[in-house]
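As a plain string of letters, each chain reads:
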Amino acid sequence: MCKEANKSYKLSSDNKSRKRNKHRRSGGFVGYKSPSPSKHGGAIVSSTPGTTRDRRECIGRIGGTMFQLVDTAGVDGERIGHLYGKLKNQMEREMIKQTLEAAKTSDLILLMFDAKVGVTADLSETARWLRKNSTNINSRVVILANKLEGDKWTHDDGTAATSVMEHLLEASRVGFGEPIPISAEHGEGLADIAIIVEEMIREKRERLGLVMTNDDYNVKKKRGDEAEKPLQLAILGRQNVGKSTLVNSLLKQDRVITGETPGLTRDSITVTWTWNNRPVRLCDTAGIRRATKRDRANDDIEDLAVADAMRSMKVADVAVMVLDARARMLQRQELAIADQVVKEGRALVVAANKMDLLGLDHTYSKEDYAQQVRQQ
Ligand SMILES: Nc1nc2c(ncn2[C@@H]2O[C@H](COP(=O)(O)OP(=O)(O)OP(=O)(O)O)[C@@H](O)[C@H]2O)c(=O)[nH]1
Ligand SMILES: [Mg+2]
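Criteria and cut-off values
Residues numbered from 1 in each chain as written. Chains lettered and ligands numbered in written order. Predicted model: local features only at pLDDT ≥ 70, side-chain atom pairs only at ≥ 80, totals over all residues. Heavy atoms only, no water. Helix = DSSP H or I, 4+ residues; strand = E, 2+ residues; numbered from the N terminus. Buried < 20%, exposed > 50% of the residue type's maximum accessible area, 1.4 Å probe, protein only. Donors = N, O, S within 2.8 Å, 3.2 Å for Na, K, Ca; no water. Core = buried A, V, L, I, M, F, W, Y, C linked by side-chain atoms within 4.5 Å. Contact = heavy atoms within 4.5 Å. Pairing = 2+ DSSP bridges. Axes fitted to C-alpha atoms, helices over the stretch in contact; angles between N-to-C directions. Patch = residues over 30% accessible without salt bridge, like charges linked within 9 Å, V, L, I, M, F, W, Y side chains within 5 Å. Areas by Shrake-Rupley, 256 points an atom, 1.4 Å probe, with all protein chains shown as cover. Salt bridge = Lys/Arg side-chain N within 4 Å of Asp/Glu carboxyl O. Near = heavy atom within 4 Å. Polar contact = N/O pair within 3.5 Å; in protein donor to acceptor, adjacent residues only side chain to side chain. Phe/Tyr/Trp six-rings, centres within 6.5 Å; stacked < 30°, edge-to-face > 60°. Lys NZ or Arg CZ within 6 Å of the ring centre and 35° of its normal. Expected span 1.5 Å × (residues − 1).

An unreviewed UniProt entry lists the protein under the name G domain-containing protein, with Ditylum brightwellii given as the organism.

The following block contains the structure:
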């Protein structure tokens, strides 16, 4: 069970039942709980392309095997163009940079395409891009043919099923071996991924000379649990005040996307950070606008992002509310957020950002500003 993202990957694979014709799935039982953000706090899922912007990590589990799972923003030819400066959208560039970082640091890259649509120029270009940029010699790319629920598509009846089989054949020529047919929405075909993950974990352990069994892991985890629990720190505030920039400064790396477009962050992104030898779970969240403004915008994704931010605040030990100091005083929305934090019994820290833009001089100092905010 993934705690932060609440994604549940319970996969149990049955290797013996892998006898299948070319694109049939294994008979292994697969249970995949698709994230339901409004209820469970998982990654925001929407049919709108480009919903995922940041790289979101959580712990996946297959049987007793644990691994780190990273969800990334989608890649296509155009977005790759933004990375190499041919196109100039800063947000797109930030998104693809995060995806590239995930690809470079992962052992297994699952490249997913819509098997009903087939191999597009975007998929071929992404495959080329991965081949060129994958710096980890031990990493492996596996193509997932998505949206193949049920078994109808395996019957060659001269109609849509035939084209799916052709798409799979085409995908096998992309250069990463045979694609694995899955249905992410229905949780089908994931046992085949489980087999690959288990294989890769075994290989990696052997390569690194690690002989830790799952029992060892559980003992270690239990000991760790008993030792020191990381402090949960949620960074909250209105849009564009600099929450993500603050997270990156603390981590000393471009871990989350930042930029001048308000509403950039969507999913809450939790990252482990060590401060003074103490583990901290640092959580960047979406900017929170007033409900009236949100109502006017009528954007479901924003509503889900705000709900995710509030959920992150509720599980935090400390909530840091970031202000844009230029406003010189707390906004009504900020008072409402602070009120919620206190009502939830979380410790509240108020951080004034963008002090460099405040125009401080002898008539108005940092202390004057702090005094003004405190009085509110
Ligand atoms: N001058 C100045 N600019 C800053 C500072 N902190 C952040 N910015 C800029 O403010 C803009 C917004 O920063 P983000 O960190 O993306 O803001 P955010 O609060 O995460 O925004 P959302 O995710 O949209 O809610 C970016 O263009 C940053 O470069 C600061 O201390 N000084
Ligand atoms: Mg942000």
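Draft legend 1. Examining unusual backbone geometry more closely. For N240, which is not a glycine, the phi torsion comes out positive at approximately 70 degrees. Mapped onto the elements, N240 comes out in the loop between strand 8 (231-237) and helix 8 (243-251). With relative accessibility at 29%, the residue N240 sits in the partly exposed group. At N276, a position not held by glycine, the phi torsion is positive, near 50 degrees.

Draft legend 2. Fine view of the coordination of the magnesium ion (ligand 2). Each protein donor to the magnesium ion (ligand 2) is listed here as S244 (OG) and T265 (OG1); together their distances run 2.0 to 2.1 Å. Highlighted residues: S244 in helix 8 and T265 in the loop between helix 8 and strand 9 (269-275), separated in sequence by 21 residues. Given the relative accessible area of 8%, S244 is considered buried. The class of T265 is buried, set by a relative accessible area of 8%.

Draft legend 3. A look at the nonpolar core. Ranked by internal contacts, the top residues of the largest apolar core, which has 23 residues, are L111, F113, W129, L130 and L148. Going through the elements one at a time, helix 2 (77-83), helix 3 (90-105), strand 5 (108-114), helix 4 (121-133), strand 6 (140-146) and helix 5 (160-172) are the ones with two or more residues in this core. The element contributing the most residues to this core is helix 4, with 4 residues. If near-sequence neighbours (up to four positions away) are discounted, L111 is found in contact with L123, T126, A127, L130, V141, V142, I143 and L144. A309, A325, L330 and L358 belong to the second largest nonpolar core, which has 18 residues in total.

Draft legend 4. Local environment of the sheet that holds strand 5. Overall, parallel pairing links the 3 strands, which are arranged 5-6-7 in an open sheet. Across the chains shown, the open sheet's two edge strands, defined by having one partner strand only, are strand 5 and strand 7 (180-181). Pairing analysis gives 7 bridges linking strand 5 to strand 6, with the strands arranged parallel. Residue pairing across strands places I109 opposite V141, the latter belonging to strand 6. Contacts from helix 6 (residues 190-208) reach strand 5, strand 6 and strand 7, with the element oriented near 170 degrees to strand 6.

Draft legend 5. Local environment of a nonpolar patch on the surface. A surface patch of nonpolar side chains, amounting to about 230 Å² of accessible area, comprises V342, L348 and V350. If you trace the backbone, V342 turns up in helix 11 (residues 332-343). With relative accessibility at 55%, the residue V342 sits in the exposed group.

Draft legend 6. Spatial organisation of the site of ligand 1. Near ligand 1, the surroundings consist of 20 residues, among which K243, S244, T245, G263 and T265 are the closest. Separating an oxygen atom of ligand 1 from a side-chain N or O atom of S244 is a distance of 2.8 Å. Residue E260 places a main-chain N or O atom 3.5 Å away from an oxygen atom belonging to ligand 1. If ligand 1 stood free it would expose 650 Å²; the protein chains cover 81% of that surface. If one sorts the elements of the shell around ligand 1 by residue count, helix 8 sits on top with 3 residues.

Draft legend 7. A look at the packing of aromatic side chains. Per the stated rule, a full pass over the model turns up 0 aromatic pairs. One Lys or Arg, R131, reaches over the ring of F176 and ends 5.1 Å from the middle of that ring. In this structure, R328 is placed above the aromatic ring of Y364, and the distance from its NZ or CZ to the ring centre is 4.0 Å.

Draft legend 8. Geometry of the pattern of salt bridges. Under the counting rule described, the total for this entry stands at 15 salt bridges. R289 is the salt-bridge partner of E302, the closest N and O atoms lying 2.8 Å from each other. Taken as a pair, E302 in helix 10 (residues 300-315) and R289 in the loop between strand 10 (278-284) and helix 9 (291-297) lie far apart in primary sequence, 13 residues in all. K343 is paired through a salt bridge with D339; the nearest N and O atoms lie 3.0 Å apart. With K343 and D339 both in helix 11 and 4 residues apart, this pair spans about one turn of that helix. Judged by its relative accessible area of 39%, D339 is partly exposed. Salt bridges sharing partners connect three or more residues here, namely R56, D267, D308 and R311.

Draft legend 9. How the structure looks around the pairing of strand 11 (residues 318-324). Strand 11 sits mainly inside the fold: 7 of its 7 residues count as buried. Going residue by residue along strand 11, you find V318, V320, V322 and D324 tucked away on one face and A319, M321 and L323 tucked away on the opposite face as well. In the sheet, strand 8 pairs with strand 11 via 5 bridges, with the strands oriented parallel. Looking at the pairing, I235 lines up with V320 of strand 11. Bridge analysis of strand 11 against strand 12 (residues 347-353) gives 7 bridges, and the strand direction is parallel.

Draft legend 10. Structural detail: helix 10. Its 16 residues give helix 10 an end-to-end C-alpha distance of 23 Å, which sits within 8% of 22 Å, the value for a rise of 1.5 Å per residue. Those residues of helix 10 lying buried are I301, E302, A305, V306, D308, A309, M310, S312 and M313. In this fold, the buried residues of helix 10 make contact with strand 3 (56-62), strand 8, strand 10, helix 9, strand 11 and helix 11. Capping the start of helix 10 is the job of one residue whose side-chain oxygen sits 2.9 Å from the backbone nitrogen of I301: D299.

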